[in-house]
Amino acid sequence: MAEQQEQAAPDAMMTRIGQVVMLHHGGDREEARGRFLDLWAEIGEDGDPLHRCTLAHYMADTQDDPSDELAWDLRALSAAEELSDGRLAEHHHSLAVRAFYPSLHLNLAADYVKLGHGEVARSHLRRARGAVGALGDDSYGDGIRAAIARLETRLAHDGIPDGDSLPDRLGGPGGETLGPPRRCP
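Residues numbered from 1 in each chain as written. Predicted model: local features only at pLDDT ≥ 70, side-chain atom pairs only at ≥ 80, totals over all residues. Heavy atoms only, no water.

When you look at the overall build of the protein chain in this model, what are you seeing that I'm missing?
Within the protein chain, the secondary structure is distributed over nine helices and zero strands. When the helices and strands of the protein chain are placed in sequence order, the string is α-α-α-α-α-α-α-α-α. Residue burial in the protein chain is summarised as follows: out of 185 residues, 45% are buried. Here the contacts in the protein chain between residues at least 6 apart in sequence split such that 64% fall between residues at least 24 apart. About 9,400 Å² of surface is accessible on the protein chain, with carbon and sulfur atoms providing 49% of the total. (Helix = DSSP H or I, 4+ residues; strand = E, 2+ residues; numbered from the N terminus. Buried < 20%, exposed > 50% of the residue type's maximum accessible area, 1.4 Å probe, protein only. Contact = heavy atoms within 4.5 Å. Areas by Shrake-Rupley, 256 points an atom, 1.4 Å probe, with all protein chains shown as cover.)

The following block contains the structure:
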């Protein structure tokens, strides 16, 4: 009985991460970044891969420097590679690790575009495109697929070569964010 209650109990760290995500979405980027760093210190570099992946995924959005954003997105990908479907099912029964990869690789592609590394961006974009079959046929999946298509179009039209600096190209042509929508934990 106690085991069943433990499994049914919400994951306190995921709840705390979600609260900081809401703070960030409410417009307090600096405070969110500070709270994410505090949570990261609690979780640690070797902590639960679900916690690390989720926190790093959202922490990337709070960064001002594209290099820092890339570092957090790389941490999210690394943690996802350690994550099992069993652990993920403990958090939510309908989630699968493979469904994380389209978003993670899309984020990395967008980071590399910001840094002017076109070939690496294209590589991650191909990985994102190759993994979209794991996404549901819902608004989140549609958003990821649309963001991949926008970035593919942008890379095809802008001809971003490897190594160029893109300080004036951090957003899309209409000012939209290059990366995918983020799903709240």
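Just to check I follow, could you spell out the packing of aromatic side chains for this structure?
Note on aromatic pairs: each is described by the distance of the centres and the angle between the planes. With the rule as written, the count across this model stands at one aromatic pair. Ring centres 5.0 Å apart and planes at 85° place the aromatic pair Trp40 and Trp72 in the edge-to-face group. Taken together, the residues span a long stretch of sequence, with Trp40 in helix 3 (residues 29-43) and Trp72 in helix 5 (residues 66-82) at a distance of 32 residues. Side by side, Trp40 and Trp72 carry an identical accessibility label, which is buried. (Phe/Tyr/Trp six-rings, centres within 6.5 Å; stacked < 30°, edge-to-face > 60°.)

Looking at this structure, I do not really get the packing of helix 7 (residues 101-114) against helix 8 (residues 118-131). What am I missing?
To describe two helices that pack against each other, one gives the angle between their axes and the distance between the axes. Contact geometry of helix 7 with helix 8 gives a least axis separation of 8 Å together with a crossing angle of 160°. In terms of their interaxial angle, helix 7 and helix 8 are classed as roughly antiparallel. Crossing geometry of helix 7 relative to helix 8 is assigned as left-handed. Where helix 7 abuts helix 8, its residues Tyr101, Pro102, His105, Leu106, Leu108, Ala109, Tyr112 and Val113 lie against Val120, Ala121, His124, Leu125, Arg127, Ala128 and Ala131. When grouped by side-chain class, the residues that make up the contact of helix 7 with helix 8 number 12 nonpolar, two polar and one charged. (Axes fitted to C-alpha atoms, helices over the stretch in contact; angles between N-to-C directions. Parallel < 35°, antiparallel > 145°, perpendicular 65-115°, else oblique. Left-handed = near helix turned anticlockwise from the far one by under 90°. Nonpolar A, V, L, I, M, F, W, Y, C, P; charged D, E, K, R; others polar.)

Honestly, the nonpolar core in this entry has me stumped. Any pointers?
For soluble globular proteins, nonpolar side chains are generally found buried alongside one another. In terms of nonpolar packing, the biggest core is built from 47 residues, with Ile17, Phe36, Leu55, Leu104 and Leu151 touching the most fellow members. Among the elements of the structure, helix 2 (12-25), helix 3, helix 4 (49-59), helix 5, helix 7, helix 8 and helix 9 (139-158) are those that each provide at least two residues to this core. At eight residues, the largest contribution of residues to this core is made by helix 7. (Core = buried A, V, L, I, M, F, W, Y, C linked by side-chain atoms within 4.5 Å.)

Would you mind going over the side chain of His105 with me for this structure?
Among the secondary structure elements, His105 is positioned in helix 7. Residue classification places His105 among the buried residues on the basis of a relative accessible area of 8%. Polar side-chain contacts of His105 include one of 2.9 Å to the side chain of His124. Leaving out residues up to four positions away in the same chain, His105 has contacts with Leu77, His124, Arg127 and Ala128. (Polar contact = N/O pair within 3.5 Å; in protein donor to acceptor, adjacent residues only side chain to side chain.)

In this structure, what is going on with the pattern of salt bridges? I would like to understand it.
Pairs can form between side chains of opposite charge whenever their charged atoms are close. Taken as a whole, this structure holds 13 salt bridges when the rule is applied. When the shortest N-O distance is used, the salt bridge between Arg33 and Asp64 registers 3.4 Å. Of the two residues, Arg33 sits in helix 3 while Asp64 sits in the loop between helix 4 and helix 5, which places them 31 residues apart along the sequence. Given a relative accessible area of 11%, Arg33 falls into the buried group. In this structure, a network of salt bridges that share partners links the residues Arg29, Glu30, Arg33 and Asp64. (Salt bridge = Lys/Arg side-chain N within 4 Å of Asp/Glu carboxyl O.)

So what exactly am I meant to see when it comes to helix 7 here?
Spacing of three or four residues puts side chains on the same side of an α-helix, whose turn is 3.6 residues. Compared with an ideal rise of 1.5 Å per residue, which puts 14 residues at 20 Å, helix 7 spans 20 Å between its outermost C-alpha atoms and is within 8% of the ideal. In terms of residue burial, helix 7 counts as a mostly covered element, since 14 of its 14 residues are buried. Two residues or fewer after helix 7 comes Gly116, characterised by a positive phi angle close to 80°. (Expected span 1.5 Å × (residues − 1).)

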